[in-house]
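# Examination of the molecular architecture
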Amino acid sequence: MLICTVRDCRQPLTREDRRYLCPRDHSFDIARSGYVNLLQPQDRRSRQPGDTAAVIVGRRRLHESGVTAPLLREVAAMLSTTNADTVLDTGCGEGSVLGALHAKSAFDAHGLDISIPAIDAAARRYPDCHWIVANADRFLPYTDGAFSLVLSITARLNAPEFRRVLRDRGRLLIALPAPDDLVELRGAGHDRTARAIDALTPAFTLVEQRRATASADLDAPAVRDVLHSIYRPKRAQPVEAMRLTFSLDLLLFTAA
Ligand SMILES: [Zn+2]
């Protein structure tokens, strides 16, 4: 179901030993940890696009501490996936969300992110899912109608590509930071749902909307992990233990 990312090639890729090949002989190696890097030179706006290793480690610590578990439960309840589903998490980061959903329901799981260290961490932790490095803003390197469900969890939206890789009546779940997300650190944000619905209409029809909110007491190192995941501060700044709010607006669509 993967397609070639070289310029306008877009031919199907087939696996051959430790690499993927297209009919025009473009080739992509499978990394030792099991992911495939489909990133092209023009996709790299910087030498290390996406999240850095330090941010990835911090984000995984946060998921493992359990503070985001109530949000994940809400996502799982909204989706009720079965093992007949084929799921893409685009902008999946270090893979905790897809990995946790897959642990509950053994669907065919695919994760994509532009960060090599994030995907490497995902592939090591969740070897039963498929992981690729690619630039989802350009196009999603999968065949038309490959998925029954696409997830975009606080990632960028690419409505035409989401629609193309989803089969008819396939589902799309978007998670956006809600106005009270991390309000203690960054103040009140704005409601992003109307703009997202606009961007996804008419290719998609909104079927359900929920707000999932959790709050937790975090120690100073955990607060630092959260800060690094949202700001990339240039130098260490003193932080204290505090109670933080995590809040997502969840929008479920079907492909029209
Ligand atoms: Zn090719």
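Procedures and definitions
Residues numbered from 1 in each chain as written. Predicted model: local features only at pLDDT ≥ 70, side-chain atom pairs only at ≥ 80, totals over all residues. Heavy atoms only, no water. Core = buried A, V, L, I, M, F, W, Y, C linked by side-chain atoms within 4.5 Å. Buried < 20%, exposed > 50% of the residue type's maximum accessible area, 1.4 Å probe, protein only. Contact = heavy atoms within 4.5 Å. Donors = N, O, S within 2.8 Å, 3.2 Å for Na, K, Ca; no water. Tetrahedral: all angles 85-135°; square planar, octahedral: opposite > 155°, others 65-115°. Phe/Tyr/Trp six-rings, centres within 6.5 Å; stacked < 30°, edge-to-face > 60°. Lys NZ or Arg CZ within 6 Å of the ring centre and 35° of its normal. Pairing = 2+ DSSP bridges. Helix = DSSP H or I, 4+ residues; strand = E, 2+ residues; numbered from the N terminus. Axes fitted to C-alpha atoms, helices over the stretch in contact; angles between N-to-C directions. Parallel < 35°, antiparallel > 145°, perpendicular 65-115°, else oblique. Nonpolar A, V, L, I, M, F, W, Y, C, P; charged D, E, K, R; others polar.

### Comments concerning the nonpolar core
The biggest cluster of nonpolar side chains holds 45 residues, and the ones touching the most others in it are L79, W131, L151, L173, L218 and F246. Filtering out sequence-adjacent residues up to four positions away, F246 remains in contact with L62, V67, L71, D181, L182, A212, T213, A214, L218 and V226.

### Side note on the coordination of the zinc ion
Coordination sphere of the zinc ion, protein contribution only: C4 (SG), C9 (SG), C22 (SG) and H26 (ND1), at 2.1 to 2.3 Å. One way to put it: the four donor atoms around the zinc ion meet at angles of 102 to 121°, and that makes the site tetrahedral. Sequence spacing of the donors to the zinc ion: C-x4-C-x12-C-x3-H. On the basis of relative accessible area, C9 is assigned to the buried category, the value being 8%.

### What to know about the packing of aromatic side chains
Under the counting rule described, the total for this entry stands at three aromatic pairs. With 6.4 Å between their ring centres and 45° between their planes, Y126 and W131 make a pair best called tilted. The exposure class of Y126 is buried, given its relative accessible area of 16%. Exposure remark for W131: the relative accessible area of 3% places this residue in the buried category. The side chain of R10 reaches across the aromatic face of F139, ending 3.8 Å from its centre.

### Considerations on the sheet that holds strand β3 (residues 27-29)
The strand order across the open sheet built from three strands is β1-β2-β3, with neighbouring strands paired in antiparallel fashion. Each having just a single partner strand, β1 (14-16) and β3 make up the two edges of the open sheet. Averaged over all adjacent pairs, the angle separating strand axes in this sheet is 30°, with direction ignored. In terms of strand pairing, strand β2 (residues 19-21) meets β3 through three bridges, oriented antiparallel. What sits directly across from L21, in β3, is S27.

### Some remarks on the packing of helix α1 (residues 53-64) against helix α4 (residues 116-125)
For any two helices packed against each other, the geometry comes down to the angle between their axes and how far apart the axes lie. As a packed pair, α1 and α4 sit with axes 9 Å apart at the nearest point and diverge in direction by 40°. Relative to α4, α1 is oriented oblique. Here α1 contributes A53, I56, R60 and E64 to the contact with α4, which in turn contributes P117, A118, A121, A122 and R125. In terms of residue class, the contact of α1 with α4 is built from six nonpolar, no polar and three charged.

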